Amino acid sequence: MNRLLARRFAGNSCLVRVPWRSFCDAAAVNSGTAQAKHAEKQRLTSHSEEYDVAIVGGGMVGMAVACSLASMSLTKHLNVAIIDSNPALVNGITIKKEDPPDPRVSTVTPATISLFKEIGAWEYVQQHRHAYFDKMQVWDYTGLGYTRYNARDVSKEVLGCVVENKVLQSSLLSCIQNADIRKTVFPARLTSMNLNPSSIPTELNGTSSTSPWRGFARLELSDGTCIHAKLVQVGADGSKSNVRELSGFKTTGWNYAQNAIICTVEHTVENNCAWQRFLPSGPIAVLPIGENFSNIVWTMSPNESSELKSLTESDFIKSVNHALDYGYGPHPKSSSARDGDLSWFGAGLTSSAGEGFTVPPRVVRLASERMVFPLSLKHANSYVAKHVALVGDAAHTVHPLAGQGVNLGFGDAFALSRVIGEGIAVGSDIGEVSLLRRYEAERRPANIVMMAILDGFQKVYSIDFGPLNIVRAAAFNAANYFSPLKRNIISYASGEQRLPLFT
Amino acid sequence: MASKLLRRVLIVSDRSPRPSSRSLPGFTSSRLFSSSNSQPLPATASSPPPPPTTVDPPSSSSASKFGSKIRNDSVRSSIKDPELAKFSAIADTWWDSEGPFKPLHLMNPTRLAFIRSTLCRHFRKDTNSARPLEGLKIIDVGCGGGILSEPLARMGAVVTGIDAVDKNIKIARVHADLDPGTSNIEYSCTTAEKLVEEQRKFDAVIALEVIEHVANPAEFCKSLSALTTPGGATVISTINRSMRAYATAIVAAEYILHWLPKGTHQWSSFLTPEELALILKRASVSVKEMAGFVYNPLTGRWSLSDDISVNFIAFGTKDGQ
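Model, not experiment: these values are computed from the prediction. (Residues numbered from 1 in each chain as written. Chains lettered and ligands numbered in written order. Predicted model: local features only at pLDDT ≥ 70, side-chain atom pairs only at ≥ 80, totals over all residues. Heavy atoms only, no water.)

Brief notes about the pairing of strand 3 (residues 105–108) of chain A
All names here are of chain A. Every second residue of strand 3 is oriented toward a common face, with Val-105 and Thr-107 on one face and Ser-106 and Val-108 on the other, all of them buried. Bridging between strand 3 and strand 7 (residues 160–164) involves four bridges; their strand directions are antiparallel. Counterpart to Ser-106 in the pairing with strand 7 is Val-163. (Buried < 20%, exposed > 50% of the residue type's maximum accessible area, 1.4 Å probe, protein only. Helix = DSSP H or I, 4+ residues; strand = E, 2+ residues; numbered from the N terminus. Pairing = 2+ DSSP bridges.)

If you want it as structure tokens, here you go:
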């Protein structure tokens, strides 16, 4: 079933480009010793293990690259290696319907959804738990402002969809498994990488001048395997990317001195709205994840997070409900804005919001463990080098504020595979920097804008200062009442527009 | 204004980056290199000026496709083993997409897009295929370091690359061997005329940025035509003899910015699209499509356009079946 065993695909016959290439299914270094032996034999007898693309890190973004390559006519002939020590890639991911949702979830934007549909992975997502939401409410603890977004504002059906990471992962896995592309999974870690083997003699056949792999990057894996690839993509080897370090990419970034607590909670009613409230120490977000479950992402200082983690379940739930209701400050006034402190702002504008402020459904039960992780911002100064392209978290780590992280990663994955296709169309070497720069030129500015926005949000909300609170609230209200602005914010958050506000 | 000038200059610089050596011995014979066999050679070519005593270091000649192409002082003897490492280093420079050839690397996909689409249409090939030129025999005349030959080979063609300069051929050979997808390219230091004598035939004959440097463009076109199988294709790109080309390719690039040695291009030896079409017609090649190349300095990308006033490319088919 879900076994992505490195099969020697019948597809090996499809477009074998050079006669001396011999493909080895050594990847099937499965637990079975017989197979391991077989693989060993294969490795010894094969001349090389040569791939067009090596994807280091078979996480969501890495798998998306593979699926996307498999889905395009110009790239589906590529021979792909996926290097990841996660046994799930070989053994498959089992998802039981009756299990409560995993706290690790992603909010996928409509743009990501349509990309998933394009590569044929969305149908697998739909077989599992997923929750569309069409409403979003953002407010802050000062009680001065709030905004409600509705998918109808942008004539859309949904604002996004919350999916467990393991569902995304397994959907992409099923997708690549059924795809007609040559792929091999190496259940190992990358230990070293040589991007320019031409400069050193390869011990494999002695003289460097006759080595057939001089135009390839050479990768050594923890199980002793050595493979060669024209293009190494660092997908989900994550924010501590091994390949990024090995190939000397520099990063810019900082830690936020904030932690996020994530967990799954249960309500008594179904939730179909995404909620976010800015509290003095950071935002708390409640995302619907299907049935009566919601996912909580609560950002706070490290001290607070360890305190909250050690609370009893009932006390923790009390704190969550407190934070989503009257905790830290009053409810914002409902939209009419006829009285009180905001009339100076709201008077001239007719309300396009229409919907009043709502309190999120109460949390009644904790449905998963509480997980804590530190937040940081990190951005690679460059995404590409000869034979290497960084994608996803290896290239950028963002504040999880709007759940945009993985969407940026998926954006990278699809942009990169499209650029590879464009390169193949005109016969480019897919490891050439001049080609890969096009990927960088497309993704880097887009990612920087999004990171700056999220970072800005984080900064603005990490200061509790009277006048600033009012300005912030005014901005909120502006967003709520001024529909072009609102439309732009929604479109941008849906991943559909390049630049916010300027269209 | 400045940006316009920049754009022009970039157009030019792409074609022939300045070699680091300003003096180009034997330059006057440059227009002859491809037609030397079919033409009685003028004195300068038949008895070339004595080779410079200090031969340019390899890196400097490699720094210029044009510069090396025109130097007929290239060594004819087969290369010795210690030299191989040297040529390998040269190949790195030639192929350094951030190096002196950056503009050429930037323009290459655009030229290839034109070639791909015209050849696919003409030979009825599947444009969705990763190797649409599978089964076609193509010759790249004036291949330099192989910047055009390699992509053509990756697109499935059986490619022969020829260049009059031995050094270029060595560089191209070393680089093509880096990738199994291009290692089957046949490189040879020869001229189109010699291959005509050998009665070689190709489905498509491609000569990019060469014709403005040959002595007799009409004879050169005849040779290209003779190499083309009847019903095959001929693709030529060059610079237009327009005032704009004069201002950009010669005045700006050679005299103002010194990107090219003075005298690199002679305006009078440029061909207008009409003239090119005419001499091709006389060589029984009918021009079917023509396009210009335009550089966008903001995106750094080249694109195809209808503006053929500076750089242009022509696709023609050989008459007769």
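Quick notes on the UniProt feature "binding site: Mg(2+)" (unreviewed entry) in chain B
Residue and element names in this part refer to chain B. UniProt tags Glu-209, Glu-212 and His-213 as "binding site: Mg(2+)" (unreviewed entry). Topologically, Glu-212 is positioned in the loop between strand 4 (202–208) and helix 10 (217–227). Look at Glu-212 and you get buried, because its relative accessible area is 3%. (UniProt positions renumbered as here; feature names shortened; annotations may be inferred.)

Quick notes on the layout of surface pockets
One way to see where empty space is left: roll a probe the size of a water molecule over the atoms. Space inside the second largest pocket adds up to approximately 840 Å³. In terms of lining residues, the second largest pocket is bounded by 35 residues, among which Ser-434 and Arg-438 of chain A together with Leu-106, Pro-109 and Arg-301 of chain B are the most central. It is helix 6 (residues 102–122) of chain B that provides the largest number of residues to the lining of the second largest pocket, a total of eight residues. Tallied by class, the residues present in the lining of the second largest pocket amount to 14 nonpolar, nine polar and twelve charged. (1 Å grid on protein atoms, 1.4 Å probe; cavity = no way out; pocket = protein on both sides within 12 Å on 5 of 7 lines; lining within 4 Å. Points joined across faces, edges and corners; volume = space filled by probe spheres on them. Nonpolar A, V, L, I, M, F, W, Y, C, P; charged D, E, K, R; others polar.)

Some thoughts on the sheet that holds strand 8 (residues 311–318) of chain B
Residues and elements named next belong to chain B. Within the open sheet, the eight strands sit side by side as 3-2-1-4-5-8-6-7. Their pairing is mixed. A single partner strand is all that each edge strand has here, and the edge strands are strand 3 (186–188) and strand 7 (301–305). Taking each pair of neighbouring strands and ignoring which way they run, the sheet shows an average axis angle of 20 degrees. Packed onto the sheet, helix 8 (residues 166–176) meets strand 2 (158–162) and strand 3 and runs at close to 160 degrees relative to strand 3. (Axes fitted to C-alpha atoms, helices over the stretch in contact; angles between N-to-C directions. Contact = heavy atoms within 4.5 Å.)

Some details on the sheet that holds strand 3 of chain A
All names here are of chain A. Strand order in the open sheet made by the three strands is 3-7-4, with antiparallel pairing throughout. One side of each edge strand has no neighbouring strand; the edge strands of this open sheet are strand 3 and strand 4 (130–133). With strand direction ignored, the average angle separating the axes of adjacent strands in the sheet is 20 degrees. Sheet strands touched by helix 4 (residues 110–119): strand 3, strand 4 and strand 7. Its angle to strand 3, the strand with the most contacts, is close to 95 degrees. Contacts from helix 6 (residues 165–177) reach strand 3 and strand 7, with the element oriented near 85 degrees to strand 7.

Brief notes about the UniProt feature "binding site: S-adenosyl-L-methionine" (unreviewed entry) in chain B
Residue and element names in this part refer to chain B. Mapped onto this numbering, the UniProt entry gives "binding site: S-adenosyl-L-methionine" (unreviewed entry) at Arg-111, Gly-142, Asp-163 and Leu-208. Looking at the secondary structure, you find Arg-111 in helix 6. Taking the relative accessible area as the measure of exposure, Arg-111 reaches 2% and is therefore buried. Those residues in contact with Arg-111, other than ones at most four positions away along the chain, are Leu-104, Ile-147, Leu-148, Leu-208, Glu-209 and Phe-293. When its relative accessible area of 6% is taken as the criterion, Gly-142 is described as buried.

Details of the side chain of Asn-108 of chain B
Residue and element names in this part refer to chain B. Looking at where Asn-108 falls in the secondary structure, it is placed in helix 6. For Asn-108, a relative accessible area of 6% gives the class buried. A distance of 3.0 Å separates polar atoms of two side chains, one belonging to Asn-108 and the other to Arg-111. Among the polar contacts listed, one links the side chain of Asn-108 to the backbone oxygen of Ile-147, at a separation of 2.8 Å. Look past the residues within four positions of Asn-108 in its chain and what remains in contact with it is Ile-147, Leu-148 and Pro-151. (Polar contact = N/O pair within 3.5 Å; in protein donor to acceptor, adjacent residues only side chain to side chain.)

Some details on the pairing of strand 5 (residues 135–140) of chain A
Residue and element names in this part refer to chain A. Pairing of strand 5 with strand 6 (residues 146–150), which is carried by five bridges, proceeds in the antiparallel orientation. Counterpart to Gln-137 in the pairing with strand 6 is Arg-148. Remark: five residues form the turn of the hairpin made by strand 5 and strand 6, two consecutive strands paired antiparallel; Gly-143 in that turn has positive phi of roughly 75 degrees. Sheet topology places strand 5 next to strand 13 (residues 273–279); six bridges connect them, and they run parallel. Considered in strand 13, the bridge of Gln-137 is made with Trp-275.

Concerning helix 12 (residues 273–282) of chain B
All names here are of chain B. Those residues of helix 12 that sit buried are Pro-273, Leu-276, Ile-279 and Leu-280. Projected down its long axis, helix 12 carries its buried residues within an arc of 135 degrees, all on one side. Counted as exposed and oriented over 90 degrees from the buried face of helix 12: Glu-274 and Arg-282. The secondary structure elements touched by the buried residues of helix 12 are helix 10, strand 5 (228–239), strand 6 (285–296) and strand 8. Ser-284 sits one or two residues past helix 12 and shows a positive phi near 55 degrees. (Arc of directions from axis to C-beta.)

Concerning the environment of Ala-385 of chain A
Residues and elements named next belong to chain A. For Ala-385, the location among the structural elements is in strand 18 (residues 384–385). A C-alpha to C-alpha distance of 9.2 Å links Ala-385 and Ser-434, two positions 49 residues apart in sequence. If near-sequence neighbours (up to four positions away) are discounted, Ala-385 is found in contact with Phe-249, Val-433 and Leu-436.

Concerning the packing of aromatic side chains
We describe a pair of aromatic rings using the distance from one ring centre to the other and the angle between the two ring planes. Residue and element names in this part refer to chain A. In this structure the tally under the stated criterion is seven aromatic pairs over all chains. Centroid distance Tyr-51 to Phe-186: 5.8 Å. Interplanar angle 90 degrees. Geometry classified as edge-to-face. Placement of the pair is Tyr-51 in strand 1 (residues 50–56) and Phe-186 in strand 8 (residues 182–186), with a sequence separation of 135 residues. Its relative accessible area of 2% is what places Tyr-51 among the buried residues. An aromatic cluster is built from Phe-116, Trp-122, Tyr-132 and Phe-410, whose rings are joined through pairwise contacts. Seen from the ring of Phe-316, Arg-370 lies directly overhead, with NZ or CZ sitting 4.8 Å from the centre. (Phe/Tyr/Trp six-rings, centres within 6.5 Å; stacked < 30°, edge-to-face > 60°. Lys NZ or Arg CZ within 6 Å of the ring centre and 35° of its normal.)

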